[in-house]
Protein chains: 2
Amino acid sequence: MAQSRPHVHSDDCPGCHAAPEVAFARHDHSHCSGDVLARAEALANAQGARLTPVRRRVLEILLEEHRALGAYDVLQRLAAEGFGNQPPVAYRALDFLVENGLAHRIRRLNAFAACMHPGEAHAPAFLICRHCNHVAEAPAAAVRAALDGAAAEMGFLIERSNIEALGLCPACRGAGE
Amino acid sequence: MAQSRPHVHSDDCPGCHAAPEVAFARHDHSHCSGDVLARAEALANAQGARLTPVRRRVLEILLEEHRALGAYDVLQRLAAEGFGNQPPVAYRALDFLVENGLAHRIRRLNAFAACMHPGEAHAPAFLICRHCNHVAEAPAAAVRAALDGAAAEMGFLIERSNIEALGLCPACRGAGE
DNA sequence: TCTTGACATGTTATCTTATAACATAGATAG
DNA sequence: CTATCTATGTTATAAGATAACATGTCAAGA
């Protein structure tokens, strides 16, 4: 998973989003993890939110896996490391991360994934590969715009929304499945 | 809920979708329920799917409520009417309805809602009012197109997707909440 | 008519996901 | 230093979903 594959980083898009098709590709993951984590830390401070040990560790776990994890998966790893081993421990940390824009909830999977673009106010669409289970965030400004438009036509005011798609990522398409 | 409010029906859009803002408005619901149910029945036949008593009753229940119901809500009503009272009874019927395009699963609510446009091959966006809990289907062709485009940029092939929005419906906006 | 096979339903048991409620500890402001 | 707020730990339980097997029903082919 942590194969070193050089790729350009843009300022607003560390690690996995450097080039359009890179998010799903293999790349030096320790690099983008560290980058995202640093940005997350800065963001938390800026927002006056406290990235405590449990919360930070949960974020690290999500970043390490680079895929969506269930709350109980996270909990298991926390427990193994000496943190509390009851569900609320995991859920609270995960909720904190979601509320502070450091992680996303993937409803289709009942799971959570680290946000790869913390700080860029964004509401991405999630692309879930049904074969390798990886999740990528796709820029969804256009999608949101269309959705807002459709809602407005009906007089509906959108406050939050989730857009998730299931399918095949480039690698798994290439691999014949 | 079943206030008689005249509104024009279009052929492709019985009941609740006659005019843009009608889906959320009060209207003669027994009318669109019946209409949708008849269409659902025809559709099931055409597809060779069997709309058995339980399945039909579940669809009716969803139509009567005109909102998203949890599987256990449905189950409770089924049990009260002499059908089986174990979870699989409800889940199987609901799964059948979803697979045959007669109902939708709203993941954000862990719930199910009757499809208001059976037969029109469609993949709508769901607008969920956080105040009155009603769910409407918004035409989402443009949204899907944008989403497909965003995915294609990343080399991702979408097979299924769900688009859900939480907010305020026209009535609840008007009512000051 | 029988019977066989496919499909639907009923039932038991269990699993996964999520939260309520309360107790304890740690940080921060006054 | 102490009151208060926030975070964590813990117990218990609620809510959502499915696996596995038994029973029933119906219709096509022998």
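About the criteria used
Residues numbered from 1 in each chain as written. Chains lettered and ligands numbered in written order. Predicted model: local features only at pLDDT ≥ 70, side-chain atom pairs only at ≥ 80, totals over all residues. Heavy atoms only, no water. UniProt positions renumbered as here; feature names shortened; annotations may be inferred. Axes fitted to C-alpha atoms, helices over the stretch in contact; angles between N-to-C directions. Helix = DSSP H or I, 4+ residues; strand = E, 2+ residues; numbered from the N terminus. Parallel < 35°, antiparallel > 145°, perpendicular 65-115°, else oblique. Left-handed = near helix turned anticlockwise from the far one by under 90°. Contact = heavy atoms within 4.5 Å. Nonpolar A, V, L, I, M, F, W, Y, C, P; charged D, E, K, R; others polar. Near = heavy atom within 4 Å. Polar contact = N/O pair within 3.5 Å; in protein donor to acceptor, adjacent residues only side chain to side chain. Buried < 20%, exposed > 50% of the residue type's maximum accessible area, 1.4 Å probe, protein only. Arc of directions from axis to C-beta.

Going by an unreviewed UniProt entry, chain A carries the name Transcriptional repressor and comes from Paragemmobacter kunshanensis. UniProt, in the comment section headed Sequence similarities (unreviewed entry), describes chain A in these words: "Belongs to the Fur family."

1. Topic: the packing of helix α2 (residues 53–65) of chain A against helix α3 (residues 71–80) of chain A
Residues and elements named next belong to chain A. Between α2 and α3, whose axes approach to 10 Å, the crossing angle comes to 120°. Considering the angle they form, α2 stands oblique to α3. Between α2 and α3 lies a crossing of right-handed hand. Packed against α2, whose contacting residues are Val54, Arg57, Val58, Ile61, Leu62, Glu64 and Glu65, the element α3 presents Val74, Arg77 and Leu78 at the interface. Of the residues belonging to the contact of α2 with α3, the class tally is six nonpolar, no polar and four charged.

2. Side note on the protein's contact with DNA strand D
The immediate surroundings of DNA strand D are formed by 15 residues, with A:Thr52, A:Arg92, B:Tyr72, B:Tyr91 and B:Arg105 found nearest. Note that a phosphate oxygen of DNA strand D is positioned 3.3 Å from one of the side-chain N or O atoms of A:Arg55. Between a base nitrogen of DNA strand D and a side-chain N or O atom of A:Arg92, the distance comes to 2.3 Å. Grouping the amino acids of the surface near DNA strand D by side-chain chemistry returns seven nonpolar, four polar and four charged.

3. Here we look at helix α3 (residues 71–80) of chain B
Residues and elements named next belong to chain B. Within the span of α3, buried status applies to Ala71, Val74, Leu75 and Leu78. Axial view of α3: buried residues confined to an arc of 100°, hence all on one face. Away from its buried face, by an angle of more than 90 degrees, α3 presents the exposed residues Tyr72, Gln76 and Ala80. Looking at the buried residues of α3, the elements they touch are α2 (53–65), α4 (87–99) and β2 (111–114). Positive phi appears at Gly82, one or two residues downstream of α3, with a value of about 95°.

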